[in-house]
Amino acid sequence: MVSELLVKLQTGHPDFIEDGRFLLIYLNHLKWTEPIALILAELEDETQAIRIVRLALEVDFVLGARFAGAVQPKFQAQTVAMVRALAVPEWLKLELLGRTRSDEALPDLLDAIVDNDADIRAISASALGEIGNRAALPSLMNALTDEHIITVDRWGTTIYDVRWVVEKALEKFDPDVVIPYLITALSNNGPPANRVISIAYLKNWSVRVACRRHSGNYLNKQANNFSFIKSKFLNP
């Protein structure tokens, strides 16, 4: 599939060059999503890269956001700006920015994680987890003190608390990156320590191994004592 697209791109085939045909033949079919993303990662033609993202946004916002983050980093300021400019509700825009998985979306999400609206904070935390840039870790750690609790809306849908979303976001980072922040939170005995450790997180084998690599620290000593963790750290 990728080779087919490359040939049509290099030869200026109408299926690739003409907007209507490219949209109909490729962008409307899920099977072409990953091949196009791979092409975008190597595409040096800025005009073509931005054109593909523009067309994808016309078809589907999620698809367009995916492609906005698939282009080469030097083009992402422009493509992520296209996602940012969408006339959609704030919560959806933040979710789409997370779907880009681009560092260009970080400023928006870091601002949103301290928003007055708990749903906005939760969505931004989840999006920061998708991007996985360690620059977001201080903000995510601070968000572990969020006071929003689990609620159920009028339709019976569970709305998870912000801290739960943050914990899930932290699980997407490399444990070797997260562990030092956990150690700092514990050694300082500050509020983040009340929620920063989850049994599921520490039962993860890669996390346990990472704990051992940080030998001799408080977190490493408690990593195997799940009853202690449950009583001390999982209480709200």
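Residues numbered from 1 in each chain as written. Predicted model: local features only at pLDDT ≥ 70, side-chain atom pairs only at ≥ 80, totals over all residues. Heavy atoms only, no water.

Asker: Would you mind going over the nonpolar core in detail, with residue names and values included?
Answerer: In terms of nonpolar packing, the biggest core is built from 60 residues, with Ile36, Leu40, Phe67 and Leu140 touching the most fellow members. Among the elements that take part in this core, helix 10 (residues 118-131) stands out by supplying eight residues, more than any other. (Core = buried A, V, L, I, M, F, W, Y, C linked by side-chain atoms within 4.5 Å. Buried < 20%, exposed > 50% of the residue type's maximum accessible area, 1.4 Å probe, protein only. Helix = DSSP H or I, 4+ residues; strand = E, 2+ residues; numbered from the N terminus.)

Asker: For the pattern of salt bridges, give the residues involved together with the corresponding values.
Answerer: All chains considered together, the criterion is met by ten salt bridges. Across the salt bridge formed by Glu95 and Arg99, the nearest N and O atoms sit 3.7 Å from each other. Residue Glu95 and its partner Arg99 are located together in helix 8 (residues 90-100), separated by four residues, close to a single helical turn. Using a relative accessible area of 38% as the deciding quantity, one classes Arg99 as partly exposed. We note a salt bridge from Glu130 to Arg101, for which the minimum N-O separation is 2.9 Å. (Salt bridge = Lys/Arg side-chain N within 4 Å of Asp/Glu carboxyl O.)

Asker: Account for the packing of helix 8 against helix 10, with residues named and values stated.
Answerer: Across the interface, helix 8 lies against helix 10 with an axial gap of 8 Å and an inter-helix angle of 10°. Our classification of the angle between helix 8 and helix 10 gives roughly parallel. In this structure, helix 8 contributes Glu90, Trp91, Leu94, Glu95, Leu97 and Gly98 to the contact, and helix 10 contributes Ile120, Ile123, Ala127, Glu130 and Ile131. Looking at the contact of helix 8 with helix 10 residue by residue, the classes come out as seven nonpolar, one polar and three charged. (Axes fitted to C-alpha atoms, helices over the stretch in contact; angles between N-to-C directions. Parallel < 35°, antiparallel > 145°, perpendicular 65-115°, else oblique. Contact = heavy atoms within 4.5 Å. Nonpolar A, V, L, I, M, F, W, Y, C, P; charged D, E, K, R; others polar.)

Asker: Can you break down the packing of helix 10 against helix 12 (residues 162-170) residue by residue, with the values?
Answerer: Orientation of helix 10 relative to helix 12, taken along the N-to-C sense of each, is 5°, at an axis distance of 8 Å. Between helix 10 and helix 12, the crossing angle belongs to the class labelled roughly parallel. Side by side, helix 10 and helix 12 meet where Ala118, Arg121, Ala122, Ala125, Ser126 and Gly129 of the first sit next to Val162, Val165, Val166 and Ala169 of the second. Grouping the amino acids of the contact of helix 10 with helix 12 by side-chain chemistry returns seven nonpolar, two polar and one charged.

Asker: Describe unusual backbone geometry, naming the residues involved and giving the relevant values.
Answerer: Residues other than glycine seldom take positive phi values, yet Arg101 does so here, at roughly 55°. With respect to the element layout, Arg101 can be found in the loop between helix 8 and helix 9 (106-112). What makes Arg101 exposed here is its relative accessible area of 54%.

Asker: Quick one: what's the story with the packing of aromatic side chains, residue by residue and with numbers?
Answerer: Within the structure shown, the criterion is met by two aromatic pairs. Between the aromatic rings of Phe22 and Tyr26, the centroid separation amounts to 5.5 Å while the plane-to-plane angle is 45°, which identifies the pairing as tilted. Taken together, the residues Phe22 and Tyr26, both in helix 3 (residues 19-27) and four residues apart, mark about one turn of the helix. Per residue, the accessibility class of Phe22 equals that of Tyr26, and both read buried. Consider the rings of Tyr26 and Trp32, whose centres lie 4.7 Å apart with planes at 85°: the pair is edge-to-face. The class for Trp32 is buried, based on a relative accessible area of 7%. (Phe/Tyr/Trp six-rings, centres within 6.5 Å; stacked < 30°, edge-to-face > 60°.)

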